[in-house]
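Letter by letter, the chains look like this.
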Amino acid sequence: MQTINPDEYQYIVFFTGAGMSAESGVPTYRGRGGVWSEYRWEECACQEAFDRDPQKVLEFHELRRKAVLECRPHAGHFAIAELGKMHPKVVVVTQNIDGMHQRAGSEDVMELHGSLWRLRCPTHGIIEDVGEKYKSYRCEHCGSWLRPDITWFRDMLDEYNMNQAIIALRKCDLFISIGTSGVVYPAAGFPKIAKEYGAKCIEINPERTEMSFMYDISIRSTAGEALPHLFQK
Ligand code: APR
């Protein structure tokens, strides 16, 4: 069993994807049982779909919210959160929109693809909204449709968030990627940046991915199995 002494590193970045939440019961996007094998993203996860039929898109996201609320963070989420409390610098950069890292107690979390728990009014900005059903589909001030604060297909990534993530990747000396297929930008480029700037790069994924060749160590195990035993002083 591979172990890491966290005291040997100054700055640790965890980079997580849908596989991180899989053992909590949140479906991944690709592969068997994945969200995109059941739904077409063209109809529920892009701006064009929202412009065409906002109600349908909001209802799809309510189903996602329901699925996530039925799940809980697992031992791997808690292992990351605990390390964050003991170690001077632990940053979580996540592609997940489910808020599981925060529920487990992680504080320094960058959400690259937004959050299921926020909506956006084009005029009045961000609205926090936690619960299965959205409190309202429309802004209480101006009546505009509220759009999930999520980076959908064909959307640009939030530039500020992306820059913050890249700064973290350049500064870190340990980069641990967990449960991402590495096919969606920017995931594909992240291990490359971390490696170029000198970080040790570890991948936790039960399956080989297109980016596996970039890593110094690949742990072929699940997040919930690997993470609780990874850090040993
Ligand atoms: N532990 C670790 N990894 C796992 C586990 C597990 N228990 N279960 C599955 N995996 C791995 C799979 O082998 C796969 O490589 O997680 C990966 C999940 O890949 P995707 O479903 O493609 O998820 P992700 O990489 O997060 O997708 C990126 O694509 O659809 C968009 O915006 C969406 O954020 C998402 C982005």
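Residues numbered from 1 in each chain as written. Predicted model: local features only at pLDDT ≥ 70, side-chain atom pairs only at ≥ 80, totals over all residues. Heavy atoms only, no water.

As for the site of the ligand
Surrounding the ligand, one finds 22 residues, the nearest of these being Ala18, Arg30, Thr180, Ser181 and Asn205. At a separation of 2.7 Å, an oxygen atom of the ligand approaches a polar backbone atom of Ala18. In the environment of the ligand, an oxygen atom lies 3.2 Å from a nitrogen or oxygen atom belonging to the backbone of Gln95. Notes on the ligand: free accessible area 740 Å², of which the protein chains cover 89%. Tallying contributions element by element places helix H1 (residues 18-22) first for the shell around the ligand, with three residues. (Near = heavy atom within 4 Å. Polar contact = N/O pair within 3.5 Å; in protein donor to acceptor, adjacent residues only side chain to side chain. Areas by Shrake-Rupley, 256 points an atom, 1.4 Å probe, with all protein chains shown as cover. Helix = DSSP H or I, 4+ residues; strand = E, 2+ residues; numbered from the N terminus.)

Notes on the pattern of salt bridges
This model, assessed by the stated rule, comprises 17 salt bridges. One salt bridge connects Asp7 with Lys233, and the closest N-O pair in it is separated by 3.5 Å. Taken together, the residues Asp7 in the segment before strand E1 (12-16) and Lys233 in the segment after helix H10 (223-230) connect sequence positions 226 residues apart. Neither residue differs from the other here; Asp7 and Lys233 are each classed as exposed. Through salt bridges with shared partners, a single network forms among Arg40, Glu42, Glu43 and Lys56. (Salt bridge = Lys/Arg side-chain N within 4 Å of Asp/Glu carboxyl O. Buried < 20%, exposed > 50% of the residue type's maximum accessible area, 1.4 Å probe, protein only.)

Quick notes on the packing of aromatic side chains
Evaluation of the coordinates by the stated rule reveals 12 aromatic pairs. Ring centres 5.5 Å apart and planes at 70° place the aromatic pair Trp36 and Phe153 in the edge-to-face group. One end of the pair, Trp36, is in helix H2 (residues 35-38); the other, Phe153, is in the loop between strand E6 (147-150) and helix H8 (159-171), and 117 residues separate them in sequence. Through pairs of rings, three or more aromatic residues link up here, namely Tyr29, Trp36, Tyr39, Trp41, Phe60 and Phe153. Over the ring of Trp152 we find Arg147; its NZ or CZ atom is 3.9 Å from the centre of that ring. (Phe/Tyr/Trp six-rings, centres within 6.5 Å; stacked < 30°, edge-to-face > 60°. Lys NZ or Arg CZ within 6 Å of the ring centre and 35° of its normal.)

Some points on the sheet that holds strand E4 (residues 114-121)
If you trace the three strands from one edge of the open sheet to the other, you get E5-E4-E6, paired in antiparallel fashion. Each end of this open sheet is capped by a strand with a single partner; those strands are strand E5 (125-128) and E6. Sheet twist, expressed as the average angle between the axes of neighbouring strands with direction ignored, equals 50°. Contacts between helix H5 (residues 54-69) and the sheet are confined to E4 and E6, with E4 contributing the most and set at about 145° to the helix. (Pairing = 2+ DSSP bridges. Axes fitted to C-alpha atoms, helices over the stretch in contact; angles between N-to-C directions. Contact = heavy atoms within 4.5 Å.)

Considerations on the domain arrangement of the protein chain
Size of an interface: often given as the accessible area lost when the parts come together. Splitting the protein chain by domain gives domain 1 (1-25 + 72-113 + 156-233) and domain 2 (27-70 + 118-150). On a C-alpha basis, the centres of domain 1 and domain 2 stand 26 Å from each other. Contact between domain 1 and domain 2 buries roughly 860 Å² in total, counting both sides, with carbon and sulfur atoms accounting for 58%. On inspection of domain 1 and its partner domain 2, the count reaches one salt bridge. Glu111 is the salt-bridge partner of Arg118, the closest N and O atoms lying 3.1 Å from each other. Across the contact surface, domain 1 and domain 2 share one residue pair in polar contact (both at pLDDT 80 or more). Breaking the side of domain 1 that touches domain 2 down by element, the ones donating at least two residues are H1 and helix H7 (100-104). Considering each element in turn, the side of domain 1 that touches domain 2 owes the most residues, three residues, to H1. (Domains from an automatic or database assignment. Buried area = accessible area lost by both parts, 1.4 Å probe.)

Overview of the side chain of Thr94
For Thr94, the location among the structural elements is in strand E2 (residues 90-94). For Thr94, a relative accessible area of 2% corresponds to the buried category. Not counting the four nearest positions on each side in its chain, Thr94 is found in contact with Thr16, His101, Val109, Met110, Glu111, Leu112 and His113.

Observations regarding the environment of Cys139
Tracing the chain through its elements places Cys139 in the loop between E5 and E6. Expressed as a C-alpha distance, the spacing of Cys139 and Pro54, which sit 85 residues apart in the sequence, is 13 Å. Residue contacts for Cys139: discarding those within four places in its chain leaves Cys121, His124, Ser144 and Leu146.

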